[in-house]
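Structural overview for review
Single-letter residue listing:
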Amino acid sequence: MVLCYNKGCGKEFDIQESTDDECVYHCGAPVFHDAYKSWSCCEKKTTDFTEFLNIKGCCKGKHNNIKPEEPAKTDKEATPAPETVKPPERMERPPVDEPMVPLPSTISASLRKLLNNLAVSDKSEETVTKSAICQRKGCGKAKVDVADEDDACEHHPGSPIFHEGMKYWSCCNKKTTDFNDFLKQKGCTNGQHLWGDPSLKKEVQCRYDWHQTGESVNFTVYAKKVKPALCTVTCNAVKLQLEIHFGDDQVFTFDKILAGIVKPENSKVTYSATKVEVSMKKAEFIAWPSTFVL
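Residues numbered from 1 in each chain as written. Predicted model: local features only at pLDDT ≥ 70, side-chain atom pairs only at ≥ 80, totals over all residues. Heavy atoms only, no water.

Together, D14, E17, D20, D21 and E22 make up a negatively charged patch on the protein surface. With respect to the helices and strands, the residue E22 is situated in the loop between strand 2 (12-13) and strand 3 (23-25). Owing to a relative accessible area of 39%, E22 belongs among the partly exposed residues under this scheme. (Patch = residues over 30% accessible without salt bridge, like charges linked within 9 Å, V, L, I, M, F, W, Y side chains within 5 Å. Areas by Shrake-Rupley, 256 points an atom, 1.4 Å probe, with all protein chains shown as cover. Salt bridge = Lys/Arg side-chain N within 4 Å of Asp/Glu carboxyl O. Lys, Arg positive; Asp, Glu negative; His and termini not counted. Charge placed at Lys NZ, Arg CZ, Asp CG, Glu CD. Helix = DSSP H or I, 4+ residues; strand = E, 2+ residues; numbered from the N terminus. Buried < 20%, exposed > 50% of the residue type's maximum accessible area, 1.4 Å probe, protein only.)

Below, the structure written as structure tokens:
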């Protein structure tokens, strides 16, 4: 007794006693399409593989004891080795003493509402000492240098913007490509000085966290009742500095060297009612280590 190798048969037969129409088999090929399984020689379809194997043959003929040839195995030596992909070359790390760039800022609607409700006002003259310095952007005068009480504070109420090589304030739109010229730009708005005495600051620690994506690193400081007018957030390619004023004269400072390289011109800071978020654009599309800073 030998085995029949016709598709759909698989029976054992006696070569001497076998007739020409004894084998019932499928003369076509198996078809698998849209979850249906069938034979190209007949129209019977099913979604179950076991039922497909049990579909009775639609053709009759002689049993076949010749085993079909197996497809030739590919020669492993003939298979070309996969092309090695070289990792991208790392950028040369810029010096840490590059000029610090103030990041453009946004104040959330929740914080604006909170500040309006608190009606935060300038400090009274009774609490201002001679060592006080004006906290408004673009002014920076010292109290000791201001002889006239009616001296106007020339400052920038807007945010710094760095775009396509140009540097300017959102409030006056005077553009320049030189960073030092940008820092020297005269304020476009007159008002009262907002004095702050460095000696009266209550430096405290705040909880902070960070996470990264392929394109950016996001640093978050958790603080309530943030005062954006007094805050300073600056960075260069490898360093981040923060001075966050919040609550009752509380100050959180952060001055660290970054583990990677960022693009200050594409970075920003967002002030909200309970936190300050700094989003820094990566200069390299690589993952930073879990330490975030060096």
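Structure shown, so let's carry the discussion forward.
Moving on, we come to the state of the cysteines. Considering all chains together, one arrives at one disulfide under this definition. The partner cysteine of C27 in its disulfide is C59, sulfur to sulfur 2.5 Å. Pair noted here: C27 is in the loop between strand 3 and strand 4 (30-33) and C59 is in strand 7 (residues 59-61), with a separation of 32 residues, a long-range link. Left unpaired, C42 is separated from the closest cysteine sulfur, that of C58, by 4.1 Å. (Disulfide = S-S within 2.5 Å.)

Glancing now at the pairing of strand 13 (residues 166-169). One ladder, built from four bridges, connects strand 12 (residues 160-163) with strand 13; its direction is antiparallel. Across the sheet, residue P160 finds its bridge partner in strand 13, namely W169. The turn linking strand 12 back onto strand 13 is made up of two residues, and E164 within it adopts a positive phi angle of 50 degrees. (Pairing = 2+ DSSP bridges.)

Positioned with a positive phi, D34 is a non-glycine residue whose angle comes to about 50 degrees. In this fold, D34 is placed in the loop between strand 4 and strand 5 (36-39). Using a relative accessible area of 59% as the deciding quantity, one classes D34 as exposed.

We now examine a nonpolar patch on the surface. Among the surface-exposed residues, F32, F49 and L53 lie close enough to one another that they form a single nonpolar patch of about 320 Å² accessible area. With respect to the helices and strands, the residue F49 is situated in helix 1 (residues 49-53). When its relative accessible area of 43% is taken as the criterion, F49 is described as partly exposed.

Here we come to the confidence of the model for the chain. In this model, the chain carries an average pLDDT of 84, and 90% of its residues clear a pLDDT of 70 or more. With pLDDT under 50 throughout, residues 120-126 is counted as low confidence; its partners more than four residues away or in other chains account for 12 contacts. (pLDDT = per-residue confidence, 0-100. Contact = heavy atoms within 4.5 Å.)

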